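# What the coordinates show
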Amino acid sequence: MKKKPSTLKNMLLALTLIAGAAALSVGLVVAVTEEPIALARQARLEAAIRTVLPEFDHLDEPKIQEVDGGELVFYRAYYNDEYVGTAIATFSTRGFKGLIQLMVGLLPDGTIHNIDVIRHRETPGLGDRIELRFPWPRQFQGVHPDNVNLRVRQDGGDIDAITAATITARAYLEAVRLAFDNFTIEN
């Protein structure tokens, strides 16, 4: 086979073919994985709602509220048509590695039933201790935010920070306070 000369035209043609093939490959991967990723996120969201609330048999349509450059999503839950609580998808952008998204379950009187992490990028072994598989987040179960200062002790609050992950703990608590403050307005 005869070698083609290295001209600008031949180099541009080769680069265009390579870039086109790469773009087509990436587009194909996105098209194939987009729906499974969306389904997995929806399943994670539904699992978080079930984790943070008492037993329920149906939810109202989600209510979205714009706050602080983001949005809170409220899921009011009922069991036999009796209101049992609200799950609130909340957030903080002040985590050590940025965005932390939580699902906070509040009973009708505002007491925290449970809190679950929807998404974060905190450091494994340090900041990931905000996840329910660790003991630190369980301390909020049964706590009413009006009775406890939901700030870390270093900031004058009542909560011990996570050792070596104070920034993460602050962001977590900020997200919980954001949910509670807007829950009291919403109800």
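Residues numbered from 1 in each chain as written. Predicted model: local features only at pLDDT ≥ 70, side-chain atom pairs only at ≥ 80, totals over all residues. Heavy atoms only, no water.

For Leu15, the location among the structural elements is in helix H1 (residues 8-52). Taking relative accessible area as the criterion, Leu15 reaches 55% and is therefore assigned exposed. Through-space distance from the C-alpha of Leu15 to that of His113 is 58 Å; in sequence the pair is 98 residues apart. (Helix = DSSP H or I, 4+ residues; strand = E, 2+ residues; numbered from the N terminus. Buried < 20%, exposed > 50% of the residue type's maximum accessible area, 1.4 Å probe, protein only.)

So, about the nonpolar core. Residues Leu102, Ile115, Trp136, Phe140, Tyr172 and Val176 are the most contacted members of the largest nonpolar core, which totals 33 residues. Residue assignment for this core shows that the elements contributing at least two residues are strand E3 (70-79), strand E4 (82-95), strand E5 (98-106), strand E6 (112-119) and helix H2 (166-186). Looking at this core, the element that brings in the most residues is H2, giving 10 residues. Not counting residues up to four positions away in its chain, the partners in contact with Val176 are Leu102, Val104, Ile112, Ile115 and Leu150. (Core = buried A, V, L, I, M, F, W, Y, C linked by side-chain atoms within 4.5 Å. Contact = heavy atoms within 4.5 Å.)

Further remarks concern the pairing of strand E2 (residues 63-67). Judged from the 5 bridges that link them, E2 and E3 form a sheet pairing that is antiparallel. The partner of Glu66 across the bridge, within E3, is Glu71. Turn length for the E2-E3 hairpin, with the two strands adjacent in sequence and antiparallel, is 2 residues, and the turn residue Asp68 shows positive phi of about 45°. (Pairing = 2+ DSSP bridges.)

What follows concerns the pattern of salt bridges. This structure, assessed with the given rule, holds 7 salt bridges. Residue Asp116 pairs with Arg44 through a salt bridge whose shortest N-O separation is 3.0 Å. Here Asp116 is found in strand E6, whereas its partner Arg44 is found in helix H1, with 72 residues between them in sequence. Judged by relative accessible area, Asp116 falls into the buried class, the value being 8%. Salt-bridge contacts for Arg133 lead to Glu131; the nearest nitrogen and oxygen are separated by 2.6 Å. Note on Arg133: relative accessible area 57%, which makes it exposed. (Salt bridge = Lys/Arg side-chain N within 4 Å of Asp/Glu carboxyl O.)

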